[in-house]
Amino acid sequence: MPTRIPLPLTQFVVKMHSRCDLACDHCYVYEHADTSWRARPKVVADGILAKAAERIGEHAAAHRLSAVRVVLHGGEPLLAGPDRLRRAAEELRGALPAGCALDLRIHTNGVLLGRAFCELFAELGVKVGVSLDGDRAANDRHRRFADGRTSHPQVLRAVALLREPEFRHLYAGLLCTVDVENDPVAVYRALAELHPPAVDFLLPHATWDEPPKRPSAQGPTPYADWLLTVHRLWETDGRPFSVRTFESVHRTLRGLSSLTESLGLEPSDLAVVETDGTFEQADSLKTAYDGAPVTGMDVFRHSIDDLARHPGIAARQSGLAGLSAACRACPVVRSCGGGLYAHRYRGDDGAGFDHPSVYCGDLMTLINGIAEGGGSLPVPARGGASARPQPLTAAHLDEFARGYGGAEAVTALGAAQLALTREMLAAAWDSSGRGRGDAWALLAALDVVAPAAVDTVLAHPYARTWAARRLGGDLATGLGPLAALAAAAAVRAGRGDSVTVPVRGGWLHLPTLGRVAVPDGEAVVTGLADGFEVRAADGTVRRGLDEPLRRVRLAGGWTLALEDVDPLRDSHDHPVAGRLSDGELADWTGALREAWELLGRDLPAYAAGLRAGLGAVTPLRSGPAGRDVSSAARQAYGAVAVARPATAPTLALLLAHEFQHVKLGAVLDLYDLYERADDRLYFAPWRPDPRPLEGLFQGTYAHLAVTEYWGTRALAYDGLAGDAAERARAQFALWRRWTAEAVERLAESRALTALGVRFADGMRESLVPWLAVALPATAEQEAERARAERLARPEAPALS
């Protein structure tokens, strides 16, 4: 019986052409140790493309992959021509199983990239990455034609084309190979001027047998010094684009995963299909020795599971155990990860890849340099990378794509949000200068000995609001909210731990618990086995809460917090209400209980997710002229804010509507559903003003629940007369029409990612049965009248 593969492969490089129209002297394909390109076909054949796509599809189906990434590569892939590139895209899309998204990209030197190619890639949904080493002087050092001519003007023309509004959504970023003889400031500025969404700064491929150049005048770690100069500029500019190397160092210093195989301990999940149909390991191995990437396998005789069992593939998936003894003993190994596998090779001692990277000193200097500038304090995250929640499964994504999301899917989403909260808190702490650290140190310590207490506090919807504001440049809140989180965790742990918390406005707030009336100043909170005590600045000691966070018990044993004390609950775009009186609390309790019963009856497909993910309702002040007001905040996962409406059915609708925003926002924290570079405005059918694409996406997603709500009510009134029945039918006619139109506008935007298209398809699928419901002509006429009235009066009450 075949052995089980250690890890499915999710990233594939498909070689479209084995030759290139440039003669870059730092190219690992043609200028380094491997010479296999000479014997390979210039262009990949149709039969090989079809079989490669079939192999990727069967692998995705066998392992229920939610997405795969395929990069069309070379040589120079554009030399394959538009017909062959179209064939590749169509074969790959056709071979993937339902539920598996294709992230299709092409990487090019840009010389041949013209409008016709861009139109083709827009049609096929292919993102484009371009190689560019900086300004003209830097680029001309290596990236020239065989006759010595510069390629720089052609590349700039290609990038300018990708930046046009029509094609901006295709622009994946730039790849820059570092040369320490180039001016890092000039290189950075030249690349930044092109407004890329991402830049990869790559160390030139080298081994211990063929080490990188190190000009004597530049010191022992010239590559680290070069990259640290760029890093300082990048930080000063506010991180204007993604840089995987820098982001990976920041992440791994906090115990999170790397974003690139050249850093960190995450297993590699990449394979290559050459133009002759052979499977190879990572292309970078071509720099080690002739034949280093060879597996002896091909698309016709071997599956990708066979490939995943190859010793060379497995070696790049073995984490710490696969590193040399020197690496395993290194203090920065969890960030460095031994560097890129190919860079460890040494052939003269028989140990092969069992060495540190030839860039070892540079990597250590780079990591320590970034750590000293912020990002070195680890976020509390138990067990390192393995303890972080896994990405959503294909089944979860299918549920969310259709607008739903059951208890299991929403629980997984919540776990991912908790991990994000931890990361944001660490980043905000780092950016604060890390002054007095007793609160952070206590959180880290409690996360080891009392993890449930820390999880409970950090999962509170407003736990990361402080971090989001700090990272956004708002420093006015100080470090008090972080100390309050540590204090609440200490109280829940009940181990006798103490922490100092600043008090402002006469209240000391303990997230998830409530607040204590305390004089302004610094108070010391101590968690005790039987409660807690607060030693105020004036020396007085208080025990217990003056205003506890109150919870409403709903049918089935579910409890929901009525959050009216957290000072950071003002994250919503409407004013929050103050502390509820006993009478107001009673009104809210009754309304929530009735609304929950209605949700279970009228929206059962949404209710299970609501129960799993909605943790708090924050009361808002009443809207003007009786307008129903509700809100969800992107940095408050698990909370919905509502001004209590006049009826429980309206409250049920508002809760379902706003929790749709909560879910989609959380999904967008994990996945790109649309191209972030798209800055066009789109008209939503229910609004007279155009909105960014995310606004259209959010509104459409929320209105799936609105459509189903009115649909169930219209069916309940089937055959009945009266104002309530007529209103339900008219509202159903209105919202199903608007939501269907909005789904098509999303689909027609050409700015959706592969997963975004999957969401549009899922939303469309959910609408099909509702669009098939027959309604009286009077309902359609009333819907049309309401539609015209709504669009004519932008101030009229409307769901967002």
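Shown above is the structure to which this text applies.
Remember, it's a predicted structure, so these values are computed and weren't measured experimentally. (Residues numbered from 1 in each chain as written. Predicted model: local features only at pLDDT ≥ 70, side-chain atom pairs only at ≥ 80, totals over all residues. Heavy atoms only, no water.)

Caption draft 1: Region of interest: the sheet that holds strand β1 (residues 11-15). Taken in spatial order, the nine strands line up as β6-β5-β4-β3-β2-β1-β7-β8-β9 in an open sheet, and their pairing is mixed. Two strands bound the open sheet, and with one partner strand each, they are β6 (199-202) and β9 (294-298). Strand-to-strand twist across the sheet, computed as the mean angle between neighbouring axes with direction ignored, equals 25°. Relative to strand β5 (residues 171-177), strand β4 (residues 127-131) is paired through four bridges, and the arrangement is parallel. Across the sheet, residue S131 finds its bridge partner in β5, namely L175. Lying over the sheet, helix α5 (residues 152-162) contacts β4 and β5, oriented at roughly 155° with respect to β4. (Pairing = 2+ DSSP bridges. Helix = DSSP H or I, 4+ residues; strand = E, 2+ residues; numbered from the N terminus. Axes fitted to C-alpha atoms, helices over the stretch in contact; angles between N-to-C directions. Contact = heavy atoms within 4.5 Å.)

Caption draft 2: The arrangement of the sheet that holds strand β18 (residues 559-562) in detail. Pairing is mixed in the open sheet, where five strands are placed in the order β17-β18-β19-β21-β20. Across the chains shown, the open sheet's two edge strands, defined by having one partner strand only, are β17 (550-553) and β20 (630-631). As paired strands, β20 and strand β21 (residues 639-642) are joined by two bridges and run antiparallel to one another. From the neighbouring strand, S631 faces β21, where its bridge partner is A641. Running at roughly 35° to β17, helix α20 (residues 582-602) makes contact with β17, β18, β19 (616-619) and β21 of the sheet. Strands β19, β20 and β21 of the sheet are contacted by helix α22 (residues 648-670), whose axis makes an angle of about 135° with β21.

Caption draft 3: Molecular detail of helix α1 (residues 46-62). For α1, with 17 residues, the first-to-last C-alpha span of 24 Å sits near the 24 Å given by 1.5 Å per residue. Within the sequence span of α1, burial applies to I48, L49, K51, A52, A53, R55, I56, G57, H59 and A60. The elements touched by buried residues of α1 are β1, β2 (67-73), α2 (82-95), β7 (270-273), β8 (278-280) and α9 (304-308). Looking one or two residues beyond α1, the residue adopting positive phi is R64, at roughly 50°. (Expected span 1.5 Å × (residues − 1). Buried < 20%, exposed > 50% of the residue type's maximum accessible area, 1.4 Å probe, protein only.)

Caption draft 4: Structural view of the environment of S335. With respect to the element layout, S335 can be found in helix α12 (residues 333-336). According to the relative accessible area criterion, S335 is buried, its value standing at 4%. Between the C-alpha atom of S335 and that of P461, which follows or precedes it by 126 residues, the distance is 30 Å. Apart from residues no more than four positions distant in its own chain, S335 is found in contact with V249, T252, L253, L263, G264 and I367.

Caption draft 5: Representation of unusual backbone geometry within the structure. The step from G74 to G75 runs through a cis peptide bond, and the omega angle for that step is 15°. As for its placement among the helices and strands, G75 is situated in the loop between β2 and α2. The backbone phi angle of T512 is positive, close to 80°, even though this residue is not glycine. Turning to its location among the elements, T512 is positioned in the loop between β11 (507-510) and β12 (514-517). Non-glycine residue R750 carries a positive phi angle of around 60°. The class for R750 is partly exposed, based on a relative accessible area of 44%.

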